[in-house]
Amino acid sequence: MRQLLVTSALPYANGHIHIGHLVEYIQTDIWVRFQKLQGNRCIYICADDTHGTAIMIRAREESIGEEELITKMQRSHIEDFAGFDIEFDNYGSTHCSENRELCEEIWNSIREAGLVSQQEVTQLYDAEADTFLADRFVKGTCPKCAAEDQYGDSCDRCGAHYSPVEMVNPLSTLTNTTPEVRSADHLFINIERLHGFLDEWTRSEGHLQPEVANYLHGHFLHEPLRDWDVSRPAPYFGFNIPDSPDNYWYVWFDAPIGYMASTRQWCDRQGEDFNDWWAGEQTEIHHFIGKDITYFHTLFWPAMLKTSRYQLPTKIHIHGFLTVDGAKMSKTKGTFVCASTYLKHLDPAYLRYYYASKLTSRVDDLDLNLGEFVTRVNSDMVGNVVNLASRAAKFATVGLSEKYPDDGGLFRQAAQDGREIAQAYESCDYARAIRTILAAADRANRFVEHHAPWKLHKDPEKTAQLQDVCTVALNLFRQLAVYLSPVLPRLAQQTGELLGEPIERWEQSQQPLLDTPVGKFKHMMQRVDRKHLEAMIAESTEHDATAGTAVPLAETCSFDDFMKVDLRVARVAAAEDVADAKKLLKLTLNLGGDEQRTVFAGIKEAYRPEDLVGRLVVCVANLAPRRMKFGLSEGMIVAAGDGGKEIFLLSPDDGAKPGQRVH
RNA sequence: GGGCCCGUAGCUCAGCGGUUAGAGCAGGGGACUCAUAAUCCCUUGGUCGGAGGUUCGAAUCCUUCCGGGCCUACCA
């Protein structure tokens, strides 16, 4: 019997669970249920990730304490997960005494190993909010291309990377004030000292999916690893560092330790020995995470565990992101669906089944195609599998036969399929498991078709034959229910009730159930109603009115300030593609008379050159010319939108003439 | 600029060195009526992104080009 400790990534206490998160929790829950069904000793551990600047700021916005915020959010997360039949053995929080103690212990080991150093870090500081600003909390003008309204680390428009300290006219998005530059001492971990270990660990068989190992070597491990900044100066919501009391551990230091803290809570409750789970080789440790946090889990985390002499992960299972109908989840499209919203409209089994039918062991993104969702659930799951019980149970009033009848080898074949299905679950290739199960369901349906119980039913002399046919059909169905029970626990439970024996072990798929009464049949699952799906999307759709208020207004400016900007109507005389540029089109603008300008505009993804020629636009005519990679840009055209495909050029109403001033 | 991954039927994918390239859904035709408009049978549909190469043999290995996605370190 194996002993397994399984985790999912800790959801951040800053937001609610949505269908994107659920890919991971459903994936993990299926794996854990499979392991338990196999008779392995397996615990599923998770917790809320509660620390960091974002929590501090949100608590302020809601005028409540951080602890109140995270308590509320944890309750909500637990409820959402329960609604999707995701069963944790312990669901904790990183903000607990167990975590603080473990952080301290691991920190001391890292200190003792001589890996910690102090370095000065210069950052922007918001004096009004009294906090250092992470890059995402700074907006300003790009120091390279002068694009406005860019985030503090890089520019959407020219792709430049810089430090927020270099930005022109930076503004704190928290208070809309101008931040100051301040320095503070941070603590760094010299992770390069573990380079050799990480090189070997990431490469050695089985710890990572091959593409992840390739990525790490191609991207990080081919050069010296940079020191990891693990502290943040006050104010910060988190744990104080005992030997550096003005500093806090960065949230990514204490978050993975939360896996251990949550395990410790479980151990204390169960009377188990914590070291048995984290300090000995008898336990396999499996982390399930999304590809966005690969770096923390495959480099920092093993380094921390190695240094503090804890057990290293057996395997890190990494999955991709969720897209909906091929695009990122979007609030305006209504595809950013919260777990609780989903549950108001649809059965959680649908999503569990659909995700399972698409999950493989690779890091690829998973697309939730809404049309396909309906088809797979209705045709494959309900029509093919669940309906099998429906068409046989009704005729099985006398119960199952005493001896298993000749079924042409169907039961044996499906029993043998169990090996392949189990292997598929084990390797996280659930799509393969589902495919194999569906093939068995096809065979079972063919059997029923061929033996036509509805005809036998009409002939009183064929009762025994009818019983045999139902015995086969229901046993074939029960096999499927066992195989699907990690994905569809409720279906397994209903099947157990129908046939009078709960489904608890994988081996139940290997022996037919005989000589037992069959309960009264009730529908086990409804088909998806497209209307409910549409209602869910409608409820998730955020309208423009609410979406538009998200960006705070800029500082008040005087009329004179405004008049410094000379906006002119211009006609696009020519527009051409800039071959090597990702975002730029080269425009020739006519500003009235002979006045011509060349402008490089970052609108390539939203407009085709041929559609622009001849139209009127509004141009900033007195903007300082800018030397760009492809030539000199002598102005700027004004547009709304976030960039990419979401760019909307402004144009005057009919009658305006090139050269007219806009004011 | 660099890195990782992916391009197979309308859609979602399987096949990853060896018989005429497969499945499900969708499309077309038929059967059946037990069942949740279900199920069963037959059927249409692909120059396996393009071009080279290795090989007796390539969707499968290598090179290169094209197209797409993701990442590029104090938000990994």
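Residues numbered from 1 in each chain as written. Chains lettered and ligands numbered in written order. Predicted model: local features only at pLDDT ≥ 70, side-chain atom pairs only at ≥ 80, totals over all residues. Heavy atoms only, no water.

Re the overall build of chain A
As a reminder of what qualifies: Secondary structure elements are defined from DSSP: runs of H or I of at least 4 residues count as helices, runs of E of at least 2 residues count as strands, and each element is numbered from the N terminus. Burial classes follow relative accessibility: with a 1.4 Å probe on protein chains only, a residue under 20% of its type's maximum area counts as buried, one over 50% as exposed, and anything between as partly exposed. For the purpose of charge, His is not counted, nor are the chain termini; Lys and Arg are scored as positive and Asp and Glu as negative. Each charge is placed at NZ for Lys, CZ for Arg, CG for Asp and CD for Glu.
A tally of regular secondary structure across chain A gives 21 helices and 28 strands. Considering only C-alpha atoms, chain A reaches an extent of 100 × 70 × 45 Å along its principal axes. Of all 663 residues assigned to chain A, the portion counted as buried reaches 52%. Of the charged side chains in chain A, 69 are positive and 95 negative, and the gap between their average positions amounts to 6 Å.

Digging into the sheet that holds strand S15 (residues 315–319)
Note the threshold: Pairing between strands is defined by DSSP: at least two bridges between the two strands are required. Only the stretch in contact is used when a helix axis is fitted, and all axes are lines through C-alpha atoms; the angle between N-to-C directions ranges over 0 to 180 degrees.
Strand order in the open sheet made by the 5 strands is S3-S2-S1-S14-S15, with parallel pairing throughout. Every other strand in the sheet has two partners, leaving strand S3 (90–93) and S15 as the edge strands with one partner each. Each strand axis lies, on average, 20° off the axis of its neighbour in the sheet, ignoring direction. Across 5 bridges, the pairing between strand S1 (residues 3–8) and strand S2 (residues 41–48) is parallel. The residue bridging Thr 7 from the neighbouring strand is Ile 45, located in S2.

Overview of the domain arrangement of chain A
Short version of the rule: Start and end points for every domain follow an automatic or database-based domain assignment.
Domain parsing of chain A yields domain 1 (3–105 + 245–319), domain 2 (116–194 + 211–240), domain 3 (347–509) and domain 4 (559–649). Each of domain 2 and domain 3 has a C-alpha centre, and the two are 53 Å apart.

As for empty space enclosed by the protein
Condition: Two kinds of site are reported from a 1 Å grid over the protein atoms alone, namely cavities, where a 1.4 Å probe fits but cannot get out, and pockets, open sets with protein on both sides within 12 Å along at least five of seven lines, and residues are called lining when an atom falls within 4 Å of a point. Grid points are joined across faces, edges and corners, and a volume is the space filled by probe spheres set on the points.
Throughout the structure, instances matching the rule amount to 3 cavities of 30 Å³ or more. What the largest cavity holds in volume is close to 60 Å³. Residue lining of the largest cavity: Leu 410, Ala 414, Ala 440, Ala 441, Arg 443, Ala 444, Leu 476, Gln 479 and Leu 480, and that is the complete set. Elements supplying a minimum of two residues to the lining of the largest cavity: helix H13 (410–426), helix H14 (430–451) and helix H16 (463–484). Looking at the second largest cavity, its volume works out to about 50 Å³.

Considering the protein's contact with RNA strand B
Heads up, the condition is: For each residue, the test is whether any non-hydrogen atom lies within 4 Å of the molecule or strand; if one does, the residue is near. Polar contacts, as counted here, are pairs of nitrogen or oxygen atoms within 3.5 Å of one another; within protein the pair requires one atom able to donate a hydrogen and one able to accept it, and residues that are adjacent in sequence qualify only if both atoms are side-chain atoms.
Residues in contact with RNA strand B amount to 48 residues; listed here are only the nearest, Tyr 215, Glu 223, Tyr 250, Phe 296 and Asn 387. The sugar-phosphate backbone supplies 69% of the atoms of RNA strand B found within 4 Å of the protein. Contacts to RNA strand B include Glu 211, whose backbone N or O atom sits 3.4 Å from a sugar or linking oxygen. Between RNA strand B and Asp 292, the relevant distance is 2.6 Å, taken from a base nitrogen to a main-chain nitrogen or oxygen of the residue.

Points about H16
This is how the line gets drawn: Here a helix's expected span is defined as the number of its residues, less one, multiplied by 1.5 Å.
Between its first and last C-alpha, H16 extends 31 Å over 22 residues, near the 32 Å set by a 1.5 Å rise per residue. With respect to burial, H16 is a largely interior element, 17 of its 22 residues being buried.

Looking at the nonpolar core
Short version of the rule: Take the buried Ala, Val, Leu, Ile, Met, Phe, Trp, Tyr and Cys residues and link them wherever side-chain atoms come within 4.5 Å; each set so joined is a nonpolar core. We call two residues contacting when some pair of their heavy atoms lies within 4.5 Å.
The biggest cluster of nonpolar side chains holds 163 residues, and the ones touching the most others in it are Ile 19, Leu 22, Phe 253, Trp 278, Tyr 355 and Phe 373. No other element matches the 13 residues that H16 contributes to this core. Leave out the neighbours within four places in its chain, and Tyr 355 touches Ile 19, Leu 22, Val 23, Ile 26, Leu 322 and Leu 366. One finds Ala 575, Leu 585, Tyr 607 and Ile 647 within the second-largest nonpolar core, a separate group that totals 18 residues.

Details of the pattern of salt bridges
We apply this condition: Any carboxyl oxygen of Asp or Glu that lies within 4 Å of a side-chain nitrogen of Lys or Arg is treated as forming a salt bridge with it.
Tallying each qualifying case throughout the model produces 28 salt bridges. Between Asp 29 and Arg 33 there is a salt bridge whose closest N-O contact spans 2.8 Å. Of this pair, Asp 29 and Arg 33 are both found in helix H1 (residues 19–37), 4 residues apart, which corresponds to roughly one turn of the helix. Taken as a pair, Asp 29 and Arg 33 share a single burial class, namely buried. A salt bridge links Glu 372 to Lys 358; the nearest nitrogen and oxygen atoms lie 2.9 Å apart. Placement of the pair is Glu 372 in helix H12 (residues 370–393) and Lys 358 in helix H11 (residues 348–358), with a sequence separation of 14 residues. Shared partners join several salt bridges into a network, and the residues in it are Asp 29, Arg 33, Glu 87 and Arg 352.

So, the side chain of His 287
One can find His 287 in strand S14 (residues 283–290). What makes His 287 buried here is its relative accessible area of 0%. Reaching out from His 287, the side chain makes a polar contact with the side chain of Thr 7 at a distance of 2.7 Å. A polar atom in the side chain of His 287 sits 3.0 Å from the side chain of Trp 301. Excluding residues within four positions of it along the chain, His 287 makes contact with Thr 7, Tyr 259, Trp 278, Trp 301, Pro 313, Lys 315, Ile 316 and His 317.

A closer look at the packing of helix H7 (residues 251–270) against helix H9 (residues 294–307)
Inclusion rule: Any angle that is under 35 degrees is reported as roughly parallel, and any over 145 degrees as roughly antiparallel; angles of 65 to 115 degrees are reported as roughly perpendicular and all others as oblique. As a working rule, the residues Ala, Val, Leu, Ile, Met, Phe, Trp, Tyr, Cys and Pro are called nonpolar, Asp, Glu, Lys and Arg charged, and the rest polar, with Gly in that last group.
Remark: H7 packs on H9, axes separated minimally by 11 Å, with the N-to-C direction vectors making an angle of 70°. In terms of orientation, H7 and H9 fall into the roughly perpendicular class. Seen from H7, the contacting residues are Trp 252, Phe 253, Pro 256, Ile 257, Tyr 259 and Met 260; seen from H9, they are Phe 296, His 297, Trp 301, Met 304 and Leu 305. In the contact of H7 with H9, the residues fall into 10 nonpolar, 1 polar and no charged.

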